[in-house]
Amino acid sequence: MDVYGLLGNPVGHSLSPPMHEAAYDELGMDARYVTFEPEPDDLGAAVEGARALGIEGLNVTIPFKRDALDHVDPDDLAARIGAVNTIDFSDADDDPETPPAGYNTDVAGVRRAFAHHDVTLAEKQAVVVGAGGAGRAAAFALADAGAAVHVANRTVERAEDLVTDLSIDGNSAGDRGATAGGLDALDGKVREADVLVNATSVGMEEDRSPVPAGALHADLAVLDAVYSPLDTRLLREARECGAITVDGAWMLLYQGVEAFERWTGRDAPVAAMNAALRKRL
Ligand code: NAP
């Protein structure tokens with residue numbers, strides 16, 4: 001039996017186990033997906049232990065995505081973003097000195113969520129609200145797909161740091177002039193945008209939107225990374241004015257799809273994974 005899993009703390013409410021196990025069932029794979037909750041100081045030991053036990057692959061979530069970089073060989077994208085959410089042990093099985101490969105599939109989650117809704121990103125004006133983990137993934141996804149990205153964040157310095165990271169060598173986003181700002185300038189930026197991503201947690205606890213409703217318009221495609229609740233105030237207001245709306249479950253789904261495909265080399269059964277996920281949301 002192949003074992004995959006998730007490292008995080010806490011992981012009790014994770015939706016990854018049912019989503020991945022639906023894929024194993026659909027494809028008739030003899031595999032399980034297990035959650036692990038190491039103490040924060042034990043991340044390195046957990047990764048080593050997983051390799052020693054023959055675990056095939058791990059997802060990584062809060063609070064370990066940044067620190068996981070120290071225990072893997074990150075690909076270029078994960079290194080530039082500064083966060084790893086997927087570890088693949090397949091090339092590191094035989095040599096304990098070889099770190100396992102590390103990836104960031106949250107970026108593909110954003111890119112593929114838009115693609116699923118036939119939203120193209122090249123040459124588009126994009127606004128990302130938020131500069132935490134989800135904001136970084138969204139900004140890199142949009143910039144790498146050829147959009148001009150503006151990052152708006154409550155803490156402006158965090159948005160500025162993200163734009164600096166977007167613009168370093170190896171990423172042409174700088175050529176398209178990624179910019180940063182605070183939430184006060186959001187209204188004007190969204191009015192001019194083609195694509196909008198909410199990557200803040202606003203909308204989770206209360207029925208609030210981080211974007212002024214008057215700035216939304218029919219030519220916009222809106223992804224809300226928040227998936228609990230699924231239908232956020234931002235998405236409702238965007239839908240009411242005729243925008244394309246993409247809920248956070250699509251991003252969650254496609255980061256899992258991308259991880260599954262990296263681990264197994266097989267096309268993921270997207271419909272089965274999506275159904276399992278939505279059943280629990
Ligand atoms: P994070 O790293 O803690 O970042 C939180 C972001 O939200 C920061 O930009 C923060 O601004 C902003 N923020 C928090 N409270 C705010 C408020 N009251 N007003 C304005 N901005 C506020 O968290 P994260 O991991 O990026 O997650 C952000 C959201 O995305 C969560 O709802 C999470 O569930 C969701 N998410 C979804 C997926 C998916 O696959 N769909 C994946 C990852 C995350 P400051 O920098 O100023 O604090």
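Everything numeric in this text was worked out from a predicted model, so none of it was measured. (Residues numbered from 1 in each chain as written. Predicted model: local features only at pLDDT ≥ 70, side-chain atom pairs only at ≥ 80, totals over all residues. Heavy atoms only, no water.)

Caption draft 1: Region of interest: the nonpolar core. Within the largest apolar cluster, 57 residues are counted, with the highest numbers of intra-cluster contacts made by F114, V128, L142, V151, V197, L253 and M273. Per-element tally for this core: the top contributor is helix α9 (residues 248-264), with ten residues. Looking at which domains feed residues into this core, each of domain 1 (2-104 + 251-280) and domain 2 (107-246) supplies at least three. For V151, the residues in contact, after removing those within four places along its chain, are V128, G130, A131, A139, A159, L162, V163, T179, A180 and G181. (Core = buried A, V, L, I, M, F, W, Y, C linked by side-chain atoms within 4.5 Å. Buried < 20%, exposed > 50% of the residue type's maximum accessible area, 1.4 Å probe, protein only. Helix = DSSP H or I, 4+ residues; strand = E, 2+ residues; numbered from the N terminus. Domains from an automatic or database assignment. Contact = heavy atoms within 4.5 Å.)

Caption draft 2: Up close: the environment of H71. Structurally, H71 is set in the loop between β3 (57-60) and β4 (73-74). On the basis of relative accessibility, which here comes to 30%, the residue H71 falls in the partly exposed class. For H71 and Y4, which are 67 residues apart along the polypeptide, the C-alpha to C-alpha distance reads 17 Å. In this structure H71 touches L43, G44, V47, P99 and P100, once residues within four positions along its chain are discounted.

Caption draft 3: Representation of the site of the ligand in the model. In the vicinity of the ligand, 21 residues are found, and the nearest of them are A134, N153, T155, R158 and G248. Side-chain polar atom of N153 to an oxygen atom of the ligand: 2.7 Å apart, as the coordinates give it. Take G248: an N or O atom from its main chain is 2.9 Å from a nitrogen atom of the ligand. Burial of the ligand by the protein chains amounts to 77% of its free accessible area of 920 Å². Among the residues forming the shell around the ligand, the class breakdown is eleven nonpolar, eight polar and two charged. (Near = heavy atom within 4 Å. Polar contact = N/O pair within 3.5 Å; in protein donor to acceptor, adjacent residues only side chain to side chain. Areas by Shrake-Rupley, 256 points an atom, 1.4 Å probe, with all protein chains shown as cover. Nonpolar A, V, L, I, M, F, W, Y, C, P; charged D, E, K, R; others polar.)

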